[in-house]
Amino acid sequence: MAQYAVLIYSPAPADPMDLTPDYVALLERYGSQVAELGGQIVTGFALQPSTTATAIRGDVVTDGPFIEAKEVVAGFFILEAPDLDVALKIAKLNPATIDGGVEVRPLFQPPAE
């Protein structure tokens, strides 16, 4: 099965300790929705709030993400799905789409030599 990175965008600072009980309930239901569509979450990670980020551009090191933004990357997971259409259906069900968004990208497969 093809693998996709699903990046989760949430309103800044995206503190995982600030999730509401309703949001947690949606997250708990998400795994079964993924399976119903023929996908599988391989692994996933929540990130610390964006206030803990350190950005590096060339020789410049600054606290915080690269730019001020309303939404920041809050986490990501690796999804196995039969194809991109199924991966997108699964991503649309993610609770992050309520107040933020998700981005789906196929994992890079180097060309065979």
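Residues numbered from 1 in each chain as written. Predicted model: local features only at pLDDT ≥ 70, side-chain atom pairs only at ≥ 80, totals over all residues. Heavy atoms only, no water.

> Whenever I open this one, the sheet that holds strand β2 (residues 40–46) confuses me. Can you help?
The strands making up a sheet associate through backbone hydrogen bonding, with each pair oriented either parallel or antiparallel. Strand order in the open sheet formed by four strands is β2-β5-β1-β6, and the pairing between neighbours is antiparallel. In the strand order of this sheet, the two ends are held by β2 and β6 (101–106), each with one partner. For this sheet, the mean inter-axis angle between neighbouring strands, taken without regard to orientation, is 20°. Pairing of strand β1 (residues 2–11) with strand β5 (residues 71–81), which is carried by ten bridges, proceeds in the antiparallel orientation. What sits directly across from S10, in β5, is V72. This element, helix α2 (residues 84–92), spans β1, β5 and β6 of the sheet and lies at about 160° to β6. (Pairing = 2+ DSSP bridges. Helix = DSSP H or I, 4+ residues; strand = E, 2+ residues; numbered from the N terminus. Axes fitted to C-alpha atoms, helices over the stretch in contact; angles between N-to-C directions. Contact = heavy atoms within 4.5 Å.)

> I'm lost on the environment of Y30 in this one. Help?
Position of Y30 relative to the elements: it lies in helix α1 (residues 21–36). Along the chain, Y30 and L93 lie 63 residues apart, while their C-alpha atoms are 7.4 Å from each other. Sequence-distant contacts of Y30, defined by excluding residues within four places in its chain, comprise I41, F77, I90, A91, L93, N94 and P95.

> Honestly, unusual backbone geometry in this entry has me stumped. Any pointers?
Leaving glycine aside, a negative phi is the common case for residues, and trans is the common case for peptide bonds. Cis geometry is found at the peptide bond from A12 to P13, where omega equals 5°. Positioned with a positive phi, A14 is a non-glycine residue whose angle comes to about 60°. Tracing the backbone through its elements, the reader meets A14 in the loop between β1 and α1. Looking at A14, the relative accessible area reads 12%, which means it is buried. (Buried < 20%, exposed > 50% of the residue type's maximum accessible area, 1.4 Å probe, protein only.)

> What should I look at first to understand the pattern of salt bridges in this one?
Pairs can form between side chains of opposite charge once their charged atoms are near each other. This structure, assessed with the given rule, holds one salt bridge. The closest approach of N and O atoms between R105 and E103, which form a salt bridge, is 2.6 Å. Relative accessible area serves as the criterion here: at 23%, E103 is assigned to the partly exposed category. (Salt bridge = Lys/Arg side-chain N within 4 Å of Asp/Glu carboxyl O.)

> Can you walk me through a nonpolar patch on the surface in this structure?
Among the surface-exposed residues, L19, V24 and L27 lie close enough to one another that they form a single nonpolar patch of about 200 Å² accessible area. Its location among the elements puts L27 in helix α1. Exposure remark for L27: the relative accessible area of 35% places this residue in the partly exposed category. (Patch = residues over 30% accessible without salt bridge, like charges linked within 9 Å, V, L, I, M, F, W, Y side chains within 5 Å. Areas by Shrake-Rupley, 256 points an atom, 1.4 Å probe, with all protein chains shown as cover.)

> When you look at the packing of aromatic side chains in this model, what are you seeing that I'm missing?
For any pair of aromatic rings, geometry is given as the distance between the ring centres together with the angle between the planes. All chains considered together, the criterion is met by two aromatic pairs. Measuring from centroid to centroid gives 6.1 Å for Y30 and F77, while their planes differ by 75°, and the two rings are edge-to-face. Residue Y30 is found in helix α1, and its partner F77 is found in strand β5; the two are separated by 47 residues along the sequence. Assessed through its relative accessible area of 7%, F77 is described here as buried. Centroid distance F45 to F76: 5.5 Å. Interplanar angle 40°. Geometry classified as tilted. Of this pair, F45 sits in strand β2 while F76 is found in strand β5, placing the two residues 31 residues apart along the sequence. Look at F45 and you get partly exposed, because its relative accessible area is 48%. Assessed through its relative accessible area of 29%, F76 is described here as partly exposed. (Phe/Tyr/Trp six-rings, centres within 6.5 Å; stacked < 30°, edge-to-face > 60°.)

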